[in-house]
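# Descriptive analysis of the structure
One letter stands for each residue in the lines below.
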Amino acid sequence: MTETRSSESPSARRSGRVLRRLALVLLVLAATLLAGFALFIAGIQGREAQTKRRVDGIVVLTGGAERIVDATNLLAEGVGKRLLITGVHPETTLSEIVRTVPATREALECCVELGRSALNTRGNAIEAAQWARENRFRSLLVVTSAWHMPRALVELRRTLPDIELVPYPVVPKQAVEAGWEERLANTRLLFVEYVKFLAAYAGVRLWPALTSQLDEPARSATP
């Protein structure tokens, strides 16, 4: 009776084991990523604005009109002494902003400052840190969209470790019953934001944060 032997060579068997292990590692990574994404969404949905807290200053990160409306209303209500709107376009004026919010010009002219150097969330944090230290603030109310708040707090805590940060997440006003296309778009937006949050948490720095940094490569290349 002849003994049957596997037709696979030792190298083929080793390659098969490597591929199976790689597939297992990728499966674990995907499961971990999805589990983290679920926790990320749960954290956003469970976060509530602390509207009754009084703070030294208010900082709002641009990116949605509702953020600025809420921030200026909070300033008018006396929640904070001053307001920084960070990430403002260089050509945008306070007069243009006043036309888009319910608060009066008189209520804003004394206490609103526009930050124009931030290019992204990290830049917002750097700009806010400089402003808070110049005013010797010990607490800040942070106003931004609910989905953006986790990443904003990561960057702000890195630049302001000694200042109390009070989150004020803004939830966009939209229909309660959303179609599947809108839900898909929102899920895609949240997943992209989740990846950005992980990158911010890990300290990944791929892009300039401030307008002043855009000229640094050119200056360093000049003989």
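Residues numbered from 1 in each chain as written. Predicted model: local features only at pLDDT ≥ 70, side-chain atom pairs only at ≥ 80, totals over all residues. Heavy atoms only, no water.

### Describing the sheet that holds strand S2 (residues 82-86)
Taken together, the five strands give an open sheet; going across it, the order is S3-S2-S1-S4-S5, and neighbouring strands pair in parallel fashion. Two strands in the sheet have a free side with no partner beyond their single neighbour: strand S3 (112-115) and strand S5 (164-170). When the angles between neighbouring strand axes are averaged without regard to direction, this sheet yields 20°. In terms of strand pairing, strand S1 (residues 57-61) meets strand S4 (residues 139-145) through four bridges, oriented parallel. Across the sheet, residue valine 59 finds its bridge partner in S4, namely valine 142. (Pairing = 2+ DSSP bridges. Helix = DSSP H or I, 4+ residues; strand = E, 2+ residues; numbered from the N terminus. Axes fitted to C-alpha atoms, helices over the stretch in contact; angles between N-to-C directions.)

### Points about the state of the cysteines
Taken as a whole, this structure holds one disulfide when the rule is applied. Bridging cysteine 110 to cysteine 111, the disulfide has an S-S length of 2.4 Å. Handedness here is read from the sign of the S-S torsion; for cysteine 110 and cysteine 111, about -85°, the answer is left-handed. (Disulfide = S-S within 2.5 Å.)

### Section: a nonpolar patch on the surface
Together, Leu19, Leu22, Val25, Leu26 and Leu29 give the surface a local cluster of nonpolar side chains, amounting to about 490 Å² of exposed area. Relative to the elements of secondary structure, leucine 29 occurs in helix H1 (residues 10-46). (Patch = residues over 30% accessible without salt bridge, like charges linked within 9 Å, V, L, I, M, F, W, Y side chains within 5 Å. Areas by Shrake-Rupley, 256 points an atom, 1.4 Å probe, with all protein chains shown as cover. Salt bridge = Lys/Arg side-chain N within 4 Å of Asp/Glu carboxyl O.)

### Let's talk about the packing of aromatic side chains
When we look at a pair of aromatic rings, we describe it by the centre distance and by the angle of the planes. Overall, the coordinates contain seven aromatic pairs when judged by the stated rule. Residues phenylalanine 37 and tyrosine 194 carry aromatic rings whose centres are separated by 5.6 Å and whose planes lie at 45° to one another, so their mutual orientation is tilted. Residue phenylalanine 37 is located in helix H1, and its partner tyrosine 194 is located in helix H7 (residues 180-202); the two are separated by 157 residues in the primary sequence. An identical accessibility class is assigned to phenylalanine 37 and tyrosine 194; each is buried. With 6.3 Å between their ring centres and 40° between their planes, phenylalanine 197 and tyrosine 201 make a pair best called tilted. Of this pair, phenylalanine 197 and tyrosine 201 both sit in helix H7, four residues apart, which is roughly one turn of that helix. Its relative accessible area of 18% is what places phenylalanine 197 among the buried residues. Residue classification places tyrosine 201 among the exposed residues on the basis of a relative accessible area of 60%. Here the aromatic residues Phe37, Phe40, Phe191, Tyr194, Phe197 and Tyr201 are joined through ring pairs into a cluster of three or more. (Phe/Tyr/Trp six-rings, centres within 6.5 Å; stacked < 30°, edge-to-face > 60°. Buried < 20%, exposed > 50% of the residue type's maximum accessible area, 1.4 Å probe, protein only.)

### Overview of the pairing of S5
Among the seven residues in S5, six count as buried, and that is most of the element. Direction of pairing for S4 relative to S5: parallel, over a ladder of seven bridges. When the bridges of S5 are listed, leucine 141 appears paired with valine 166. Regarding topology, helix H6 (residues 149-159) serves as the crossover connection from S4 to the parallel S5, and that connection is right-handed. (Right-handed = clockwise from strand over helix to strand, strands pointing away.)

### Examining the environment of valine 69
For valine 69, the location among the structural elements is in helix H2 (residues 65-76). Setting aside residues up to four positions removed in sequence, valine 69 forms contacts with Thr100, Val101 and Pro102. (Contact = heavy atoms within 4.5 Å.)

### Some details on the confidence of the model for the chain
On average, residues of the chain carry a pLDDT of 85, and 86% of them reach 70 or more. Low pLDDT, under 50, characterises residues 218-223; the predicted model gives this stretch one contact beyond four residues in sequence or across chains. (pLDDT = per-residue confidence, 0-100.)

### A few points about the environment of glutamine 213
With respect to the helices and strands, the residue glutamine 213 is situated in the loop between H7 and helix H8 (216-221). In this structure the C-alpha to C-alpha distance between glutamine 213 and serine 117, which are 96 residues apart in sequence, comes to 9.5 Å.

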